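Chains, contacts and geometry: an overview
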Amino acid sequence: MLRAASRTRHALVTATASLLLAGCATVEAGAPAAPGSPTTEAARDALLGAAERRLVADCLSARGLTPTARPRAPDEDRAFRTALFGAGPRELSVTLATGATVTAHTDGCLATARHRLYGDQHRWFRVQVTVDNLRAEAQDRMRADPAHRAALARWTECAAPPGRPRPYRPDPAVATRCARETGLDAVRARLEAAELATVRTLHRDELTAYRQLRDRALLRAAELPAPTHPPHPPHPQKGHTLP
């Protein structure tokens, strides 16, 4: 039982590390590239992700730790998590317009790597979290619109007929058909596009800072010396493109 729990904890830490280490995003297709940087957003994301993983691996190695696929003992697992993510009170905090609060440490190898790449940790964290959640903010604003509420009510009646217990989870095919027939899909597409434009305007300063910090990070990533040891296998990527 203890061995199974240890494997589960290790899997969770590894998965979380993979997601965090792959936390690069694209703001807009066609955003100007820094001189000498890769010319596509996919290439820029790849360069920044590789640089971040390299810096994290170097930091962990300096602390006598290396990423591994084998389950760790509980004490070793805690030491690895502390080295990677930091410990104690979380110094970084951003409360989004949706009401959600995102926090992070300023110590740990992940924070060290991002400080090396982006410079001001507090500024980068603030703008990255804001930009990463632009779509969520637009969707939150959209849900308050009377047209969306009316369309959602029509969808509910279509997908969850009277007599069914609420909340009711309809068959996916039924949910898709009702979203189309009640106009919910069309309303969402129209409102989300409008709200995204509004949200971009509201966060113009954060978007500008995000691009500037990424451009500087790209230059730093390109200037990293070649590794003196074989690189670790790449972490699985979970990229997403922001509007």
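Here, the structure is the one placed above.
Below or above, wherever it landed, is the structure these notes cover. (Residues numbered from 1 in each chain as written. Predicted model: local features only at pLDDT ≥ 70, side-chain atom pairs only at ≥ 80, totals over all residues. Heavy atoms only, no water.)

With that out of the way, let us pick up the overall build of the protein. A count of helical and extended segments in the protein gives 10 helices and four strands. For the protein, the residues scored as buried account for 36% of the 243 residues in total. Within the protein, contacts between residues at least 6 apart in sequence are counted, and of these 72% link residues at least 24 apart. Here the protein displays about 13700 Å² of accessible surface, and carbon together with sulfur accounts for 58% of that area. (Helix = DSSP H or I, 4+ residues; strand = E, 2+ residues; numbered from the N terminus. Buried < 20%, exposed > 50% of the residue type's maximum accessible area, 1.4 Å probe, protein only. Contact = heavy atoms within 4.5 Å. Areas by Shrake-Rupley, 256 points an atom, 1.4 Å probe, with all protein chains shown as cover.)

Moving on: the packing of helix α6 (residues 134-143) against helix α9 (residues 184-202). Packing of α6 against α9 brings their axes to within 8 Å, and their N-to-C directions diverge by 120 degrees. By the angle between their directions, the pair α6 and α9 is classed as oblique. In this structure, α6 crosses over α9, and the sense of that crossing is right-handed. Residues Leu-134, Arg-135, Glu-137, Ala-138, Gln-139, Arg-141 and Met-142 of α6 form the contact with α9, whose own contacting residues are Arg-188, Leu-191, Glu-192, Glu-195, Leu-196, Thr-198, Val-199 and Leu-202. (Axes fitted to C-alpha atoms, helices over the stretch in contact; angles between N-to-C directions. Parallel < 35°, antiparallel > 145°, perpendicular 65-115°, else oblique. Left-handed = near helix turned anticlockwise from the far one by under 90°.)

The subject of this paragraph is the pattern of salt bridges. Summed over all chains, the structure comprises 10 salt bridges. Two residues, Arg-44 and Glu-41, come together in a salt bridge whose shortest N-O distance is 2.6 Å. Of this pair, Arg-44 and Glu-41 both sit in helix α2 (residues 41-62), separated by three residues, roughly a single helical turn. According to the relative accessible area criterion, Arg-44 is buried, its value standing at 5%. One salt-bridge network, held together by shared partners, links Glu-41, Arg-44, Asp-45 and Arg-214. (Salt bridge = Lys/Arg side-chain N within 4 Å of Asp/Glu carboxyl O.)

On to the pairing of strand β2 (residues 92-95). Where burial is concerned, the two faces of β2 differ: the one with Leu-92 and Val-94 is buried and the one with Ser-93 and Thr-95 is not. Here four bridges tie β2 to strand β3 (residues 101-104), and the two strands are oriented antiparallel to one another. Bridge pairing in β3 links Leu-92 to Ala-104. The turn linking β2 back onto β3 is made up of five residues, and Gly-99 within it adopts a positive phi angle of 100 degrees. (Pairing = 2+ DSSP bridges.)

Right, let's get into the nonpolar core. One finds Leu-48, Val-56, Leu-60, Leu-117, Tyr-118, Trp-124 and Val-127 to be the most contacted residues of the largest nonpolar core, which totals 29 residues. Here this core takes seven residues from helix α10 (residues 204-222), the largest share from any one element. With residues up to four places along the chain from it excluded, the contact list for Val-127 reads Glu-206, Ala-209, Tyr-210 and Leu-213. One finds Ala-175, Ala-179, Val-187 and Leu-191 within the second-largest nonpolar core, a separate group that totals 10 residues. (Core = buried A, V, L, I, M, F, W, Y, C linked by side-chain atoms within 4.5 Å.)

The next thing to look at is the side chain of His-105. Mapped onto the elements of the fold, His-105 is located in the loop between β3 and α4 (109-118). We classify His-105 as buried; its relative accessible area is 11%. Among the polar contacts made by the side chain of His-105, one reaches the main-chain carbonyl oxygen of Ala-87 at a distance of 3.5 Å. Discounting chain neighbours no more than four positions away, the residues touching His-105 are Phe-85, Gly-86, Ala-87, Gly-88, Pro-89, Arg-90, Glu-91, Leu-92, Ala-111 and Gln-121. (Polar contact = N/O pair within 3.5 Å; in protein donor to acceptor, adjacent residues only side chain to side chain.)

Tallied over the full model, the rule gives two aromatic pairs. When the centroid spacing of 3.8 Å and the interplanar angle of 5 degrees are considered together, the rings of Tyr-118 and Trp-124 count as stacked. Taking the relative accessible area as the measure of exposure, Trp-124 reaches 5% and is therefore buried. With 5.3 Å between their ring centres and 20 degrees between their planes, Trp-124 and Tyr-210 make a pair best called stacked. Taken together, the residues span a long stretch of sequence, with Trp-124 in helix α5 (residues 121-132) and Tyr-210 in helix α10 at a distance of 86 residues. By relative accessible area, which is 1% here, Tyr-210 ends up buried. Among the aromatic residues, ring-to-ring pairing joins Tyr-118, Trp-124 and Tyr-210 into one connected group. (Phe/Tyr/Trp six-rings, centres within 6.5 Å; stacked < 30°, edge-to-face > 60°.)

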